[in-house]
There are 2 protein chains.
Amino acid sequence: MSNPEHTEEATKTLRILAVDDHEITILGYKFILEDVEFDGYNIIVDTATTFESAKKIIEDSVDSFKYDILFLDVQLFAPNEDQPYTGEDLGILARKLVPETKIVYMSSFSDNFRINSILKTVDPDGYLVKTDIDPKSLEDAVKTIVLDPPYYSSKALGAIRKKMANDIELDEKDRKILFHLSKGTKTKDLEKFIRLSPSSIENRKRHLKTLFGTENENDLALILAAKNKGFI
Amino acid sequence: MSNPEHTEEATKTLRILAVDDHEITILGYKFILEDVEFDGYNIIVDTATTFESAKKIIEDSVDSFKYDILFLDVQLFAPNEDQPYTGEDLGILARKLVPETKIVYMSSFSDNFRINSILKTVDPDGYLVKTDIDPKSLEDAVKTIVLDPPYYSSKALGAIRKKMANDIELDEKDRKILFHLSKGTKTKDLEKFIRLSPSSIENRKRHLKTLFGTENENDLALILAAKNKGFI
DNA sequence: AGCAAATCCTTAAAAATTCTATGGATTTTA
DNA sequence: TAAAATCCATAGAATTTTTAAGGATTTGCT
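Residues numbered from 1 in each chain as written. Chains lettered and ligands numbered in written order. Predicted model: local features only at pLDDT ≥ 70, side-chain atom pairs only at ≥ 80, totals over all residues. Heavy atoms only, no water.

As annotated in an unreviewed UniProt entry, chain A carries the name Histidine kinase and is attributed to Flagellimonas ochracea.

Now the structure itself:
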């Protein structure tokens, strides 16, 4: 279990860093979290609104106190301004720098592809879909994450459940095909993202359609079925 | 959501069938569950201690009232008396007969292989490892399962987390090899369970050992590593 | 210790699967 | 309707998996 520096009984401190590009959201977390009654802990919430500033704060913390929990927004930047780094990258970085620190993700929607990816690359101690969050559940989350992780919010659990219940097995190339198709990439352009010949891509697409029970239907039907089963 | 037959406001009834081969365990559930305060529901717990009796009760219920929740013990029988049917079979049956009924599993230990199998074949609305259960968590479980399933107890979530965080991909044959090896089956006897030649099995075993980082170690090291990552 | 059984490892050929290029039919889009 | 994109079938190439056979090593048992 994470072990914050503290004197024996007096006031134990639980240090949290919340990273979200919306200032107002951060204020919400800070307001709720610093109010949580939890086993005599004094909860302190620091904040950051950009990848760079969060990175700096975490790096600085390595040699002094370390944070007990990191709350990371999955979508650190607006999708159109193509910033190179996301919340996922920040989590990967943090795992290296401060492995004992618990990491919790928050995302606006339950994007299955993203959830699956983060569960593999970061294996966070918690995953909260924002619409699931209210003061009480956030409090539950903090306690569970400290005492007996992981904590997954209801919608996150829904995505995980779908994935676990699935007996369709896809390899990396299949997943990439589905992902890029769902982003609107045209079949003929897929070869730029996936190291396969156009005809192989077509073969795999046809194979995917039989797997998902959308034979002789178009690509839209395929990606809808894939979404439905939690792959995208 | 499941909709038990009840008159408008008066007393809504929540019907539960608990199946476990240990009488004493059932009494525990009954005692706790019928005491739960839940939104004006009157909770009734019926019980069964064998596969056959449970099957009969469920079949009979199809044409009258239907149960809202089934609590099923994973290990319905002692492992030595090789009864043909397990809690998993009962769940599969129930899903067919009464698809609206919520199904919850309880198991004595967090056997990853079993959990993974049940999550695929039955996709239950809840999975509780018995050592995680106390009156409060059981109450939470019932409420969550009725209102917003699924509910997975802490140790079950641990197993699920391991699985989701894994990037090792095994096919059915690999999984069978691991499973039978872990049961003590000798390599030369594996071919009776898996449609492969002895030399293929050896190849796959070697491949598995590299995947799990136990190259040049014995089979025990392999199955320990596989257990550790949640595959067995 | 010593024997037998089981496991481990290599090699090489057979079998199966996947990839690829090509050409043409069909559908979608502008 | 013309052009572009998608869909589908075929067949040879490339890759991976399976299989058989041999011997080296380890394990289990008396």
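With 24 residues of chain B in contact, the opposing surface of chain A contributes 24 residues. With both chains or domains summed, chain B and chain A bury close to 1900 Å², and 51% of this area falls on carbon and sulfur atoms. For chain B, the biggest contributors to the area lost against chain A are Lys120, Arg161 and Met164 of chain B; these three give 36% of the whole. Counting across the chain B and chain A interface gives 6 salt bridges. Linking Asp125 of chain B and Arg161 of chain A is a salt bridge whose minimum nitrogen-to-oxygen distance equals 3.2 Å. Elements with a minimum of two residues in the side of chain B that touches chain A: helix 4 (112-121) and helix 6 (154-164) of chain B. Tallying contributions element by element places helix 6 of chain B first for the side of chain B that touches chain A, with 6 residues. A breakdown of the residues in the side of chain B that touches chain A according to their chemical character gives 10 nonpolar, 3 polar and 11 charged. (Contact = heavy atoms within 4.5 Å. Buried area = accessible area lost by both parts, 1.4 Å probe. Salt bridge = Lys/Arg side-chain N within 4 Å of Asp/Glu carboxyl O. Helix = DSSP H or I, 4+ residues; strand = E, 2+ residues; numbered from the N terminus. Nonpolar A, V, L, I, M, F, W, Y, C, P; charged D, E, K, R; others polar.)

Here we come to the relation of the copies chain B and chain A. If you rotate chain B by 180 degrees and push it 0.0 Å along the axis, it lands on chain A with an RMSD of 0.1 Å. In the structure described here, the two chain copies are related by an operation that fits a two-fold rotation axis. (Least-squares fit on C-alpha atoms with pLDDT ≥ 70 in both.)

Taken together, the neighbourhood of DNA strand C is formed by 15 residues, with Ser197, Ser199 and Ser200 of chain A together with Lys188 and Lys205 of chain B sitting nearest. Of all DNA strand C atoms lying within 4 Å of any protein atom, the proportion belonging to sugar or phosphate reaches 59%. Between a phosphate oxygen of DNA strand C and a side-chain N or O atom of Ser200 of chain A, the distance comes to 3.0 Å. Lys205 of chain B places a side-chain nitrogen or oxygen 2.6 Å from a phosphate oxygen of DNA strand C. Where the surface near DNA strand C is concerned, the elements lending two or more residues are helix 8 (198-211) of chain A together with helix 8 (198-211) of chain B. Among the residues making up the surface near DNA strand C, the classes are represented as 1 nonpolar, 6 polar and 8 charged. (Near = heavy atom within 4 Å. Polar contact = N/O pair within 3.5 Å; in protein donor to acceptor, adjacent residues only side chain to side chain.)

Lys188 and Lys205 of chain A together with Ser197, Ser200 and Arg204 of chain B are the nearest of the 15 residues found near DNA strand D. Counting only atoms of DNA strand D within 4 Å of the protein, the fraction found in sugar and phosphate groups is 61%. At a separation of 2.9 Å, a phosphate oxygen of DNA strand D approaches a polar backbone atom of Lys188 of chain A. For the surface near DNA strand D, the secondary structure elements donating two or more residues are helix 8 of chain A together with helix 8 of chain B.

A turn of α-helix holds 3.6 residues, and therefore any two residues three or four places apart point the same way. Residues and elements named next belong to chain A. For helix 1 (residues 23-33), every residue scored as buried is listed here: Ile26, Tyr29 and Leu33. For helix 1, the arc enclosing every buried residue in end-on projection is 60 degrees, short of the 170-degree limit, so these residues lie on one face. Set apart from the buried face of helix 1 by more than 90 degrees, the exposed residues are Glu23, Ile24 and Phe31. (Buried < 20%, exposed > 50% of the residue type's maximum accessible area, 1.4 Å probe, protein only. Arc of directions from axis to C-beta.)

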